[in-house]
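Coordinates in review
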Amino acid sequence: MASEDWLQRRTYHHTNFWDIRWLLQQKERQGLTISLCLPTYNEEKTIGQEIVIFKAELMDRFPLLDEIAVIDSGSTDKTCQIAAEFGADVYVASEHLAEYGVHRGKGENLWKALYLLRGDLIVYVDTDIANIHPRFVYGLVGPLLVNPEVHYVKAFYDRPIAHSGQLRPTGGGRVTEILIRPLFSLFYPELTAILQPLSGEYAGRRSILEQIPYPIGYGVETAMLIDIYQRLGMEAFAQTDLDRRVHRNQDTVALGRMAFGVARVFFSRLRRDGKIHYDGELPTLMRQFEFAEGNYRLREHTIEEIERPPMIEVEAYRQKFYSEKAPSAPTHPVERQPTV
Amino acid sequence: MTLTVELRRPVEGLPEALKPLRERILSNLTMLARLPAPTGREQDRVQFVLDRFLEAGLTDATTDEMGNAVGRIRGRRGNRTILVVSHLDDIVRPGIEHEIVVKADRVIGPGVSDNAMGAAVVAMLPTVLEHLNIELNSHLVLLGSILSLERGNHRGIRAFLDQYPDDIHFGVCVEGIELGRLDFFSIAMARADLICQMRNSGNQGRGYGSESALVVLNQIINRILGIPTPVRPYTVIRMGKLRAGVSYDTEPTRALLGLEIVSHDDEQVDRIVREMEAICFEMSARHAVEARLDVFFRTRAGGIPFGHRLVSTAIEVMRKLGIEPDQKHTPSEVSEMIARDIPAVTLGITHGRKHQRPKPDYVLIEPILRGVAQVVGVLLAIDAGACDGI
């Protein structure tokens, strides 16, 4: 089976890339630069540790990373102050490319990172990780440095959940198992080989990341997988086992809203790819119920999945990165539907 | 007071020169602190320290027979050997997640101050010296010691000192806090668990006299409070831990009191231990329990004189760095070296807090580079001969 073959060939363990000195040689031999993007919103508890460890181990000790940047969604805590204290470049997302509109969401930050950061390879790492380790970067960069056919690397891991100072050994991945994997099985069966499609850690080549649209919210990870798959096929992917990732738990109600956003992005791809047909636009209203004071109360959440266009279509980006060359049009234009 | 010899690098400039290493020291601190290391299970930290030694080019870094992490930097002349040691174990309760938070001014988390901070500095020392272009004439032995705390009873460093083939001429113990700490003598101490266990029920059991283990232990405590503790020589009994019972409605069959006896005089400690054992014996008979004193940690009184040049030199280095010396005698590995006539001091790296649950442990970031500079300064002074002789 193709998926099993792919799993064998393209599934790595972070220990495959433990020799950072060797990775650095590969990077220099290929003349590549690598940027780390940390999207944040009120992450003062974990951001300091992430930057200290990444800077110390992957810039000061071995300069595998050329820059570490925090792209912040307007934190009201000390996230930005702490990040700057330990040497990260700090960008407030709303202050950049404002002429293209301002939205708030992780996907928005990742999209703007393409403009703000200069690396040929971009590594995205979430900032709520309590057990951060250099492997969260070198484990993802490794496949890109050793295999030119790999364009995008996804993380997977065990995911214990921190709870009241103790650890619960199982949990996490509920949206993946209940929503994403069934949908992939139905419509993009090859993508089921990506073990944790919603993991928040991934790395890609700028050459592909600039070609795909970015939903600004929950759906960005799912959209990336489908859109890169549609352009380059499974051979563009690899995945790396990063062992354990300790993070905050989200309650089921919050995950429900996440699933809603992901589903909207998913259905927009299905329609774009001609896999399903429906008239009009999907609703943006997510309805949930809560029990309080002896009554059930309806809670409505508006969850739009606004999509940013491929960065290569943004004039300011082309000016910054391709001013000495002929401005590039998308190399593999996607027939996109209006954003939903 | 001035240093009697010229150091190869002015001590005052060291903190500034160390600035590029700040994040690497903090990275070592956070990654070490995240590794659980209860006494007897320090293997992950041992491996971490060894990896750092190896990465820094200490090719013969390895564990000794006991399991301590040992690295050596050969001196140009090898006319002295200096041991720098930090214990790797901590007393964080099992099951507590070692979650570390790095804020702009401090690092917070279980065990960061005692003693992930000290271990981070020892792990980093080869890199620090290389960064500063310092090549010592003396051999430098770096030790991450295991089995130090509580029932470990310094077994790690004692085994190391017993087995190390060459003479060690000076010792420096590195502890996370407090900056300014300067220990150079060892106080007599005994740490013990006093365990009160009900005898089994049945014919010989709780039929007569016996009560709740907690109640009996309370009576033992009252008797202990009656043991004389002279002001001179300074002597004190500290009762620090009490454990008994599982439920409101069940009398405990076992109760434990953790205590330490501290004195400037070994004989006072020996006397108090004997008196406590006699109390246990009497109360066992009177209340049909098994009460016993389990002494698991001992240090003997001793030290190097205040006028020793290692002490005066360390004070001078501290003052050059704006550190106010605070001479104490808290227990550390220094007592094991002093017991072997090795002049040694304990130095703290920064300010912070430890062991005040539920308040979390923390260390302040800003003083760390001065703390590291102080260790380097003392090594430079020893290497230059400033501490030779009394």
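What about the overall build of chain B?
A count of helices and strands for chain B gives 10 helices and 18 strands. On C-alpha atoms alone, chain B measures out to a radius of gyration of 23 Å, which is about the 21 Å that the 2.2 N^0.38 rule sets for 390 residues. Across its three principal directions, the C-alpha atoms of chain B cover 75 × 45 × 35 Å. Out of the 390 residues in chain B, the part that is buried amounts to 57%. Here the analysis covers contacts within chain B between residues at least 6 apart in sequence; of these, 80% occur between residues at least 24 apart. Of the charged side chains in chain B, 46 are positive and 50 negative; the average position of the first set lies 2 Å away from that of the second.

Notes on the interface of chain A and chain B
Taken together, the contacts link 26 residues of chain A with 22 residues of chain B. In terms of surface lost to chain B, no three residues of chain A exceed Q49, R61 and F86 of chain A, which account for 27% of the buried area on that side. Taken together, the connections running from chain A to chain B amount to six salt bridges. Taken together, chain A and chain B are joined by eight residue pairs in polar contact (both at pLDDT 80 or more). Put simply, the parts of the chain that give the side of chain A that touches chain B at least two residues each are α3 (47–61), α4 (79–85) and β8 (166–168) of chain A. Classifying every residue of the side of chain A that touches chain B gives 10 nonpolar, seven polar and nine charged.

Overview of the side chain of S145 of chain B
For S145 of chain B, the location among the structural elements is in strand β6 (residues 139–145). When residues no more than four places from it in sequence are discounted, the contact partners of S145 of chain B are N68, V85, S86, H87, L88, D89, I157 and E333 of chain B.

Describing a nonpolar patch on the surface
Residues and elements named next belong to chain A. A contiguous nonpolar surface patch, about 530 Å² in accessible area, is contributed by F289, F291, Y296 and L298. Of all the secondary-structure elements, those providing two or more residues to the nonpolar patch are β13 (285–292) and β14 (295–302). Residue placement: F289 occurs in strand β13. F289 sits in the exposed class, given a relative accessible area of 58%.

Looking at the confidence of the model for chain A
For chain A, per-residue confidence averages 90 on the pLDDT scale, and residues scoring 70 or more make up 91% of the total. Between residues 329–340 of chain A, whose pLDDT stays under 50, and residues either more than four places distant or in other chains, the model counts 24 contacts.

The rules we used
Residues numbered from 1 in each chain as written. Chains lettered and ligands numbered in written order. Predicted model: local features only at pLDDT ≥ 70, side-chain atom pairs only at ≥ 80, totals over all residues. Heavy atoms only, no water. Helix = DSSP H or I, 4+ residues; strand = E, 2+ residues; numbered from the N terminus. Rg over C-alpha atoms; globule rule 2.2 N^0.38 Å. Buried < 20%, exposed > 50% of the residue type's maximum accessible area, 1.4 Å probe, protein only. Contact = heavy atoms within 4.5 Å. Lys, Arg positive; Asp, Glu negative; His and termini not counted. Charge placed at Lys NZ, Arg CZ, Asp CG, Glu CD. Buried area = accessible area lost by both parts, 1.4 Å probe. Salt bridge = Lys/Arg side-chain N within 4 Å of Asp/Glu carboxyl O. Polar contact = N/O pair within 3.5 Å; in protein donor to acceptor, adjacent residues only side chain to side chain. Nonpolar A, V, L, I, M, F, W, Y, C, P; charged D, E, K, R; others polar. Patch = residues over 30% accessible without salt bridge, like charges linked within 9 Å, V, L, I, M, F, W, Y side chains within 5 Å. Areas by Shrake-Rupley, 256 points an atom, 1.4 Å probe, with all protein chains shown as cover. pLDDT = per-residue confidence, 0-100.

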